[in-house]
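Breakdown of the fold
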Amino acid sequence: MTTTATTQRRTVATLAGSQVLGGVGVSAGAAVAALLAADLSGSEAWAGLGGTAQTLGGALAAYVIARVMAAKGRRPGLVLGYGMAIAGALLIVLSAVVVSFALLLVGSLLFGGAVASTSQARFAATDLADEDHRGRHLSVVVWATTVGAVAGPNLTGPGRHVAEVLHLPMLVGPYILSLVGLGLAALVLATALRPDPLLTARALQADHVEPGQPRPPARSGWTAIRGHRDATVGVAAMALGHTVMVSVMIMTPLHMRHGHASLEVIGLVISLHVVGMYAFSPVTGWAVDRWGGRVVIGVGAAVLFAASVLAASSPEGHSSVLTVALVLLGLGWSCTLIAGSTLLTAALPLRQRPAAQGLADVAMGIAGGGGGAAAGVVVAGWGFPALAVVSGGLACLIGLLVTLSGSRDC
């Protein structure tokens, strides 16, 4: 008979494999998204809107995926997100061919489905995890994204050659490669994520409910989050940390191009940023299990502030200061994401988690999307250093939030 521990190991392994492939799909176009938006719109002030549409699309997809998961389990929800992204990637390629900024935005909205699926996969790793290792299991799935996410931005060079062979605009080459990664990720989940971890966890919980024991009420995501202080802090930390990361990261390629950095160098810097986002996740997860989510969120806020200060002082083009800033930006984001996700999950009973987890990613998407949209305007009007200063202020707000919110209540 298959034990829960064996099922959990297989679940984490499957999720990790899909994250590698999904990471390639999501990040392949990251280094060129702002450049493509600027070219199709004709103005650098709109350069952040492509990434913003993708982020907002991820938020909308997270809501839809969460509803599907709550009704049918993790597997159909995650596969749905990748299916949306495949359609979006095709529209992005078409937008460059017909030179349509509006079509690019529609494609980017749909492409956000992959962002939602790769993000929601971390919660699937916690369904069957024991309480003492919840942070570590979640972080392993986040860490698995490293391979694909680091490789993705470095596909700008090969993507350019693919575009040449297919007689397509140069900047859409990486999105052609995204299609391959997204399709394979969906295939892995559809065939190997069995049994479904959420449905299995629900069955196990039902088996352990004593006769007459009350079940926790099925409440909306917002009501569930609002009723638990740790859940509220976790969601706020994730949303603000995501805003800081997206705002600075999405404008970095333009800041570098102003200093005549090549596409290959821009791709390398974004890849190192992604290393900071994912590579140290297991250490972060261990720290959350060891010292608690609030402590790690505070550390993440400090790292994000340091990254913002360095970014503000970096010259245009490629520089070691900017590279270090982008790595720290990713590391600080990792701390707020993993610690916030673990706080949220631990605070809520199983029946309330899918809706609350989906809402958390909706909040992240809306916050990040708003930050990305504002980032383009700020950079166009006041420059990249001003954007970094504002981001530093948001990092301080995260630290203030976790300090003033009091002790955990669950």
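Residues numbered from 1 in each chain as written. Predicted model: local features only at pLDDT ≥ 70, side-chain atom pairs only at ≥ 80, totals over all residues. Heavy atoms only, no water.

This brings us to the overall build of the chain. The secondary structure content of the chain amounts to 17 helices and zero strands. Over its C-alpha trace the chain gives a radius of gyration of 20 Å, about what one expects of a compact globule, namely 22 Å for 410 residues. When its C-alpha atoms are laid out on the principal axes, the chain stretches across 70 × 45 × 30 Å. The buried share of the chain, taken over its 410 residues, is 56%. On the chain, roughly 15300 Å² of surface is accessible, and the fraction owed to carbon and sulfur atoms is 70%. Side chains of the chain give 22 positive and 16 negative charges; the mean places of these two sets differ by 8 Å. (Helix = DSSP H or I, 4+ residues; strand = E, 2+ residues; numbered from the N terminus. Rg over C-alpha atoms; globule rule 2.2 N^0.38 Å. Buried < 20%, exposed > 50% of the residue type's maximum accessible area, 1.4 Å probe, protein only. Areas by Shrake-Rupley, 256 points an atom, 1.4 Å probe, with all protein chains shown as cover. Lys, Arg positive; Asp, Glu negative; His and termini not counted. Charge placed at Lys NZ, Arg CZ, Asp CG, Glu CD.)

Detail in the predicted coordinates should be disregarded across regions flagged by low pLDDT. Of the residues in the chain, 94% reach a pLDDT of 70 or more, and the chain-wide mean stands at 87. Per-element mean pLDDT across the chain ranges from 79 in helix α10 (residues 221-226) up to 96 in helix α14 (residues 293-312). In this model residues 207-218 is a low-confidence stretch, pLDDT under 50, and it forms 10 contacts with partners more than four residues away in sequence or in other chains. (pLDDT = per-residue confidence, 0-100. Contact = heavy atoms within 4.5 Å.)

Spanning 16 residues, helix α12 (residues 263-278) covers 22 Å between terminal C-alpha atoms, matching the ideal 22 Å at 1.5 Å per step. By the burial criterion, the buried members of α12 are Leu 263, Ile 266, Gly 267, Val 269, Ile 270, Ser 271, His 273, Val 274, Gly 276, Met 277 and Tyr 278. At its buried positions, α12 is contacted by α2 (33-41), α6 (134-151), α7 (156-165), α11 (229-258), α13 (281-291) and α15 (320-347). (Expected span 1.5 Å × (residues − 1).)

Attention now goes to the nonpolar core. In this structure, Leu 15, Leu 36, Met 251, Leu 329 and Leu 344 are the most contacted members of the largest nonpolar core, which totals 107 residues. In terms of residue count, the dominant contributor to this core is α11 (15 residues). Non-local contacts of Leu 36, meaning those with residues more than four positions away in its chain, are made with Ile 92, Ala 96, Leu 104, Leu 171, Val 172 and Tyr 175. (Core = buried A, V, L, I, M, F, W, Y, C linked by side-chain atoms within 4.5 Å.)

The next thing to look at is the packing of aromatic side chains. For the structure shown, the criterion picks out three aromatic pairs. Ring geometry for Phe 111 and Tyr 175: centres 5.8 Å apart, planes at 80°, overall edge-to-face. Of this pair, Phe 111 sits in helix α5 (residues 101-124) while Tyr 175 is found in helix α8 (residues 173-192), placing the two residues 64 residues apart along the sequence. Taking the centre distance of 5.2 Å and the plane angle of 85° together, the rings of Trp 286 and Trp 291 count as edge-to-face. (Phe/Tyr/Trp six-rings, centres within 6.5 Å; stacked < 30°, edge-to-face > 60°.)

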